[in-house]
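Residue-level listing of the chains:
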Amino acid sequence: MSFVLLVEQILNGLQFGVMLFLMAAGLTLIFGVMGLINLAHGSLYMIGAFAAAATAAATGSFLLALAASLAAAAVVGVLVEMLVIRRLYDRDHLDQVLATFALILIFSEGTRWIFGSFPLFLEIPDYLSGPVSLPLGVQYPLYRLTIIAIGLVVAAGLFALIARTRIGIQIRAGEADREMIGALGVDISRLYTLVFALGAALAGFAGALIGAIQSVQVGMGEPVLILAFVVIVIGGIGSVPGALVGAILVGLTDTLGRFLLPIFFGTFMEPSAATSVGASLASMAIYVLMAAVLIIRPRGLFGAA
Amino acid sequence: MQRETWTNLAILLGLLIVPLWAWVTDEPFTITLATRAVILAIAGVGLNIALGLGGLVSLGHAAFFGIGGYAMGVLASHAQAYSPLLEWPILIEGTKSMPMIWLVAIIAGALLALAIGALSLRTTGAYFIMITLAFGQMLYFFMISWPAYGGEDGLSIYVRNGFPGLNTLDPIQFFAICFTLLVLVLWLFWQVNRSAFGLALGSARQNPDRLRAVGIHPDRTLLVAFTISGAVTGLAGALFADLNRFVSPTMFSWQTSGEIMVFVILGGVGRLMGPVFGAVLFVVLEHVLGGVSEFWHIYLGAILLGVVLFARGGLIGLIAGRAVAHG
């Protein structure tokens, strides 16, 4: 195991974690403010990726594609919130799970209907492709490094939005006491739509950024959604800092687990057996992490005790 | 009560008459569809014990369905390859005997539910949903990356497992086996619901503090219910694998969990025949809409959304009225 490879894997884990944060931040805000468990969040991720791929194919501009992903996911988010989600706020979690599960079916099949079953591809633009040289002889793809940077900037922006702005105050107040901020004259239903659109836009943006690394296809959102759930369970539901810490923890655990476990088993097993045992256990690593966090802190790392 | 009882009888009778009619008119495909509905109904009844009686919104029941399926797959694949499952410390051979496989599937489902339940029940509400979902996904990825039993490709079993005295390859005889098991499982659900344990379970759902006050531990009550639920769903998984003579990690996927939950909700949560009605409707929709359009999931989604938004208490609730809906 070389040092350079390890640094690369740590960066990969960081990039994965930052992406998970974009998904988890929206989920955790929506849950914290509206008390809604939204399974269709992965569909918004997918919609962002498809909007980006379609725009890039039509215009050839990556920046326009990113803008399209934000806009499309936010618009769909607003529509879904106003048509369906709004009716679910005062229902129990079971109804929310079922209704958003139904939305997944509709969005996934609808996308398959429009774009077909074959994956689309989103090209990394020239100015972001190729490796960059980092100190200590590490070579790392510029695009992935950009994702890490964008993710950290978005995280900082989100913290500033929540801590410093009037909307942020309303969001925090909404988490603490829904009835009270309504009584104080804040238009709750507008605030809810806004928060939902914000979460949707972040998910769509994440979808577009990842779409350029992986393929853009139907069903791409749900695995990420479930990982985002793991993230917010670890971080504590409703907590944005928790989502950030949880996302980075999950990203690093998953990536390093896949890298280090086969090597670890290779020290005392045959190479082929070590690879398969290592890979099997690595796929479970983040869930073991989640279970461990739950045993120590059932409400997550940053959750209210 | 009366109207729901009649509805229940009608559903059960319909589920019996249709395959018998198909048997008389020699349409084995219809019998297979009915068998599929019956097996999915057993999985739904399993979830209904946790979800309907205990109020535990588990989005990870595919784990138990899958482990039941793999119990069948692993035992039967060793039997068909004539290779023992384990030679040391004791010799364990594979088997092609259904009762043996069911027993293993039930025990495996129960043990897995005990482990997942013990961890997940430390939390409640949305945490519980997400954690059960995550554990289901964990097993899904584990099965995909574990190469010993087919990995992502799954396992094919060439000949359906045997049941003493019956020819299980005959569709109507296999249907009869599954239908009998469904009736047994429904009887179990009914017994659980009316027992002292069922009362405790109902209070654990509605008011855990009061239950604690009378000296019963709500978490333990819920864990027992979750374990029973996992065992029943495991049995359904073994039957489902036998129906298809094939198991794959798809049985563990989160969509499977979602679908099992859909059966329960479509029919009516906490109602005896809710999952049966839901599963039958699901299979009929899958068959009818699947013939109309390749994208039948859109219609399924729309129907589901309609039921959740406008028909609370499920479709049995719509037919039989809300009077008996649980609290």
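J.: Could you clarify how one ought to interpret the packing of aromatic side chains in this entry?
T.: How two aromatic rings sit relative to each other is set out by the distance from centre to centre and by the angle between their planes. Within this structure, the stated rule accounts for 18 aromatic pairs over all chains. Residues Phe64 of chain B and Phe226 of chain B carry aromatic rings whose centres are separated by 5.6 Å and whose planes lie at 85° to one another, so their mutual orientation is edge-to-face. One end of the pair, Phe64 of chain B, is in helix α3 (residues 62–81); the other, Phe226 of chain B, is in helix α9 (residues 218–244), with 162 residues separating them in the sequence. Of the residues examined, Phe226 of chain B reaches a relative accessible area of 0% and is grouped as buried. Aromatic side chains Phe142 of chain B and Trp146 of chain B sit 5.4 Å apart centroid to centroid with 25° between the ring planes, which places their arrangement in the stacked category. With relative accessibility at 31%, the residue Trp146 of chain B sits in the partly exposed group. Feature note: the residues Phe264, Phe265 and Phe268 of chain A constitute an aromatic cluster, connected by ring pairs.

J.: Any chance you could explain the nonpolar core here in plain terms?
T.: Side chains that are nonpolar tend, in soluble globular proteins, to be buried together. Within the largest apolar cluster, 213 residues are counted, with the highest numbers of intra-cluster contacts made by Phe21 of chain A together with Met261 of chain B. The leading source of residues in this core is helix α2 (residues 28–53) of chain B, at 16 residues. When neighbours within four sequence positions are excluded, Met261 of chain B is seen to be in contact with Leu94, Val97 and Leu98 of chain A together with Leu47, Leu51, Val57, Ser58 and Leu59 of chain B.

J.: Would you mind going over the interface of chain A and chain B with me for this structure?
T.: Often, the extent of an interface is quoted as the loss of accessible area on bringing the components together. Each partner contributes to the interface: chain A provides 44 residues, whereas chain B provides 43 residues. In total, chain A and chain B occlude about 4,100 Å² of area from one another, counting both sides; carbon and sulfur atoms represent 81% of this. For the interface between chain A and chain B, the tally reads nine residue pairs in polar contact (both at pLDDT 80 or more). For the side of chain A that touches chain B, the secondary structure elements donating two or more residues are α4 (93–115), α9 (221–235) and α11 (271–296) of chain A. No other element matches α4 of chain A, which puts 16 residues into the side of chain A that touches chain B. Here the side of chain A that touches chain B is composed, by residue class, of 30 nonpolar, seven polar and seven charged.

Scoring rules and cut-offs
- Residues numbered from 1 in each chain as written.
- Chains lettered and ligands numbered in written order.
- Predicted model: local features only at pLDDT ≥ 70, side-chain atom pairs only at ≥ 80, totals over all residues.
- Heavy atoms only, no water.
- Phe/Tyr/Trp six-rings, centres within 6.5 Å; stacked < 30°, edge-to-face > 60°.
- Helix = DSSP H or I, 4+ residues; strand = E, 2+ residues; numbered from the N terminus.
- Buried < 20%, exposed > 50% of the residue type's maximum accessible area, 1.4 Å probe, protein only.
- Core = buried A, V, L, I, M, F, W, Y, C linked by side-chain atoms within 4.5 Å.
- Contact = heavy atoms within 4.5 Å.
- Buried area = accessible area lost by both parts, 1.4 Å probe.
- Polar contact = N/O pair within 3.5 Å; in protein donor to acceptor, adjacent residues only side chain to side chain.
- Nonpolar A, V, L, I, M, F, W, Y, C, P; charged D, E, K, R; others polar.

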